[in-house]
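As a plain string of letters, each chain reads:
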Amino acid sequence: MSIQLVLPIAEFLLALSTSGGAWNIVQAVAFHPGADALQSLQQHWEWHLHGISTALFVFLAFAVEVDEHLEQVLSSYRLNGHGSDPDMLEDGSDTFASLIHNKFLKCSATQSLTFTNSEF
Amino acid sequence: MGLSRYVECLVLTCLGSVPFLAVVNYKLDPMIDFNACSKPCYFVRYVGTETLPETTAAKLQLKNSSFVPWDFPVFAAVENSRSFSAVSPQVSILSLPGCIGTYPATLGWIWSAPETSELPNPALVNEYVCETESVRKKIENHPTKGYIVTVYLFALVMWTLMKLAHDWALLAGVPEEITLLVGVLSWVFQLLASCAAFSWAAAATQVFISKIPEGSGACYYQLAPFATLTALGVPLLLLYLTHVKMKNLVLSLAHGDYLHYKILNVPCRAAQGTAASHLLLTKGLPGDFNVVPAPHQQLPFRNVNRWRICARSLRYFYDFMLIGLILPFASGGFFLRITEMAVSHEWSLSPMVLVKFFTMLAAASTPIIGVAFGAWMFFTMIQEVFSEWSSLRDLGSSPCPFNSSFLLLSFCWL
């Protein structure tokens, strides 16, 4: 099961389980301001737990693969017939940027890119 | 011109670190920055120190037999001139937040130091005594004691020095393999500083003690709202900057290293034309006259692959620090304090209105975003089912949509 499916399900379950607590907090802040609302120990413990759940929720929402971008570059390089093992490239002159450059020259006819060959 | 850029880099880098240094070194005023716990102050301390022990039933001297084991951290309420009260985490498979809450308590139980003393009894003091200047002057600023502040200051200084070394090296034309390494080291120290800042701020959101010489009692205090918000702002800002830096570091592996000390402004159309998803950055855009192309990044492809592995390892390390330490130990206390402040203030035209709005937004974000995620998942799957159905119809198969995807969709939605 891919992470793209697991994350939304985890988010959804977490959202369901915290919806009651969320409503209680919104109600307390919006409709019952004042010192009287600060009396219950159990209520405060629930707020504390809701804080942890919310932080976890925000983390999951932003849990994108930051190296997805590099992966994209590498896989597009492989797909364009430059081999499957990047370590095979021993030649230091065959730089990463020039590979991207070649890739774009090769694919410029098929992709809707705004770059022109004169820019390279 | 060349030298002025180095000086500008030095000044801006140091200025960027000053607020983070100033907050932990700020000397709190005992008469202004603390509110006595004349009403209950709620907190949980998972790991204790000599100044403020952990909130276990044993350390709180609770006689109720429901708190088993005795050295398991519990959520406590303290009020001057009254005894402690507490509630222990309850594990239930029906309550996901409850399950999440037991994780830091269990870790605190494992890490607990049995040699620390008991928490001084608030029932032995008079609440009027706690307001006197002589007692307030003895409030112990426990977050600044211990090794956490030392770690924080060390990480902050190293982060600043590494940033400076990185930017100077980049300006001097040092090969990017070296500047990228220095940049990654700078990020590691920034993450370390974030973790230490969260630990410091978590302690600051708890209670402060002023021991009364007569007897074994003590007065308890909490930080005033403004001081609390300042203490919470530092780690949150530092973590945000760490997150942004990590994303930029990964981008710099693909497109070339960048200066950390300043944000370079570019026209909007250029930014849109060089979006990260296009995998290429250029100096010029079509339509510009005499466009000078940007030089290629001179990083060998083989090294990029190694950096990619390094970046992924850093990401896992970052996730571990967030999920394993920062979120469970600090976020609960942060949210609790902010919610308390939001609830205890009436609606009025004051800055506290912003806190109230923020709290409501943060509390409501979970169900709202969760439902949005569910809806997004639902519509994505509907789209896939229909595209699959259309392709099957084109092939002359049965147009029945009740295939495996549809059943999976129905199951997930239900």
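One numbering rule holds for all chains: residues counted from 1, following each sequence as written. Going through the entries in the order they are written, you letter the chains from A and number the ligands from 1. Local features in this predicted model are restricted to residues whose pLDDT is 70 or higher, and side-chain atom pairs enter the listing and the counts only when it is 80 or higher, whereas totals over whole chains, interfaces and linings include all residues. Calculated side-chain values reflect all of the structure's heavy atoms, with hydrogen atoms and water omitted.

(A) Just the overall build of chain A, in detail. Helix and strand assignments come from DSSP, with helices taken as H or I runs of at least 4 residues and strands as E runs of at least 2, each series counted from the N terminus. Helices and strands together make up the secondary structure of chain A, namely four helices and zero strands. By the burial criterion, 46% of the 120 residues in chain A qualify as buried. Carbon together with sulfur atoms contributes 60% to the accessible area of chain A, which is approximately 5900 Å² in total. Categorising residues by exposure relies on relative accessible area from a 1.4 Å probe, with only protein chains included: less than 20% of the type maximum marks a residue as buried, more than 50% marks it as exposed, and the intermediate range marks it as partly exposed. Per-residue and other accessible areas follow the Shrake-Rupley method at a 1.4 Å probe size, with only the shown protein chains counted as cover for residues.

(B) Layout of helix α9 (residues 352-394) of chain B. Expected helix span is computed as 1.5 Å times (number of residues minus one). With 43 residues, α9(B) extends 61 Å between its outermost C-alpha atoms, agreeing within 8% with the 63 Å of an ideal straight helix rising 1.5 Å per residue. To obtain the bend at a residue, axes are fitted to the seven residues ending there and to the seven starting there, and the angle between these axes is taken. The largest bend in α9(B) comes to about 45°, at B:S365, with the proline B:P367 one to four residues further on.

(C) Spatial organisation of the confidence of the model for chain B. All names here are of chain B. Mean pLDDT over chain B works out to 81, with 83% of the residues at or above the 70 mark. Confidence scores differ between elements of chain B, with helix α10 (residues 404-413) showing the lowest mean pLDDT of 49 and helix α4 (residues 147-171) the highest of 94. In this model, residues 398-403 is a region of pLDDT below 50 whose contacts with residues beyond four sequence positions or in other chains number seven contacts. Confidence estimates for the predicted assembly give a pTM of 0.80 and an ipTM of 0.81. Confidence of the prediction at every residue is given by pLDDT, a number between 0 and 100. Throughout, a contact is declared for two residues whenever any of their heavy atoms are within 4.5 Å.

(D) View of the packing of helix α2 (residues 41-61) of chain A against α9(B). Here the axes come from fitting lines to C-alpha atoms, over the contacting stretch only for helices, and the angles between their N-to-C directions go from 0 to 180 degrees. Look at α2(A) against α9(B): their axes get within 10 Å of each other, and the N-to-C directions meet at 50°. Accordingly, the angle class assigned to the pair α2(A) and α9(B) is oblique. Regarding α2(A) and α9(B), the two cross each other, and that crossing is left-handed. For the pair α2(A) and α9(B), contact is made by A:H50, A:T54 and A:F57 and by B:A362, B:A363, B:S365, B:T366, B:I369 and B:G370, respectively. Any residue outside Ala, Val, Leu, Ile, Met, Phe, Trp, Tyr, Cys, Pro, Asp, Glu, Lys and Arg is labelled polar, Gly included; the first ten of those are nonpolar and the last four are charged. Here the contact of α2(A) with α9(B) is built from residues that sort into four nonpolar, five polar and no charged. Angles are sorted into four bins: roughly parallel if under 35 degrees, roughly antiparallel if over 145, roughly perpendicular if 65 to 115, and oblique for all others. Crossings are classed by handedness, with left-handed meaning an anticlockwise turn of the near helix from the far one by less than a right angle and right-handed meaning a clockwise turn.

(E) Up close: the sheet that holds strand β4 (residues 85-87) of chain B. Residue and element names in this part refer to chain B. Should DSSP find at least two bridges between two strands, the strands are regarded as paired. Read from one edge to the other, the open sheet built from three strands follows the order β2-β3-β4, with strand pairing classed as antiparallel. Either end of the sheet is taken by a strand with one partner, and the two such strands are β2 (41-43) and β4. The average angle at which neighbouring strand axes cross in this sheet is 20°, direction not considered. Both β2 and strand β3 (residues 75-78) contribute to a ladder of three bridges, which runs antiparallel.

(F) Quick look at the pairing of strand β6 (residues 218-223) of chain B. Residue and element names in this part refer to chain B. β6 sits mainly inside the fold: six of its six residues count as buried. Strand direction decides the pairing type here: strand β1 (residues 34-36) and β6, joined by three bridges, are antiparallel. The residue of β6 that forms the bridge with F34 is L223. Sheet topology note: the strand β5 (residues 208-211)/β6 ladder contains four bridges and is antiparallel. By the bridge assignment, I209 is partnered in β6 with Y220.

(G) A look at the side chain of B:S17. Residue and element names in this part refer to chain B. With respect to the element layout, S17 can be found in helix α1 (residues 2-25). According to the relative accessible area criterion, S17 is buried, its value standing at 3%. Among residues more than four places away in sequence, those in contact with S17 are L156, W159, T160 and K163.

(H) The packing of aromatic side chains, seen in detail. By convention, a stacked pair of Phe, Tyr or Trp rings (six-membered ring in the case of Trp) has centres within 6.5 Å and planes under 30 degrees apart, an edge-to-face pair has planes over 60 apart, and any other such pair is tilted. Enumeration over the complete set of coordinates arrives at 12 aromatic pairs over all chains. Above the face of the B:W347 ring, B:K356 is positioned so that its terminal group lies 4.9 Å from the ring centre. Look at NZ for Lys and CZ for Arg. If either is within 6 Å of the ring centre and within 35 degrees of the ring normal, a charge sits over the ring.

(I) Up close: the pattern of salt bridges. All names here are of chain B. We count a salt bridge whenever a side-chain nitrogen from Lys or Arg sits within 4 Å of a carboxyl oxygen from Asp or Glu. Tallied over the entire structure, the rule returns seven salt bridges over all chains. In this structure, K262 and E8 form a salt bridge, with 3.4 Å as the shortest nitrogen-oxygen distance. Residue K262 is located in the loop between α6 (225-255) and α7 (268-273), and its partner E8 is located in helix α1; the two are separated by 254 residues in the primary sequence. K262 sits in the partly exposed class, given a relative accessible area of 30%.

(J) Just the state of the cysteines, in detail. All names here are of chain B. Only a pair of cysteine sulfur atoms within 2.5 Å qualifies as a disulfide here. Counting across every chain of the model gives two disulfides over all chains. Sulfur-sulfur distance for the disulfide between C37 and C41 comes to 2.0 Å. Taking the torsion about the S-S bond as the criterion, the C37 to C41 disulfide, at about -110°, is left-handed. Looking at C37, the relative accessible area reads 0%, which means it is buried. When its relative accessible area of 4% is taken as the criterion, C41 is described as buried. Here C130 connects covalently by a disulfide to C219, the sulfurs 2.0 Å from one another. Linking C130 and C219, the disulfide has an S-S dihedral of approximately -80° and is accordingly described as left-handed. Highlighted residues: C130 in the loop between α2 (96-111) and α3 (133-136) and C219 in strand β6, separated in sequence by 89 residues. Just as C130 is buried, C219 falls in that class too.

(K) The packing of α4(B) against helix α5 (residues 176-204) of chain B, seen in detail. Residues and elements named next belong to chain B. Axis separation between α4 and α5 bottoms out at 8 Å; the angle between their running directions is 155°. Taken together, the axis directions place α4 and α5 in an arrangement best described as roughly antiparallel. Judged by the twist between their axes, the crossing of α4 over α5 is left-handed. In terms of residue class, the contact of α4 with α5 is built from 21 nonpolar, six polar and one charged.

(L) Region of interest: the sheet that holds β6(B). Residue and element names in this part refer to chain B. The three strands are arranged β1-β6-β5 in an open sheet whose pairing can be described as antiparallel. In the strand order of this sheet, the two ends are held by β1 and β5, each with one partner. In this sheet, adjacent strand axes meet at a mean angle of 40° when their direction is disregarded.

(M) Spotlight on the confidence of the model for chain A. Residue and element names in this part refer to chain A. For chain A, the average pLDDT comes to 62, and 42% of its residues sit at 70 or higher. Counting interchain partners and residues more than four positions distant, the pLDDT-below-50 stretch residues 81-95 has 26 contacts. Here residues 100-120 is modelled with pLDDT under 50, and outside its nearest four sequence neighbours on either side it reaches 30 contacts, counting other chains as well.

(N) View of unusual backbone geometry. All names here are of chain B. Not every positive phi belongs to a glycine, and Q61 is a case in point at roughly 60°. Topologically, Q61 is positioned in the loop between β2 and β3. With phi around 75°, S81 is a residue other than glycine that occupies positive phi space. Residue position: S81 is located in the loop between β3 and β4. Residue classification places S81 among the partly exposed residues on the basis of a relative accessible area of 30%.

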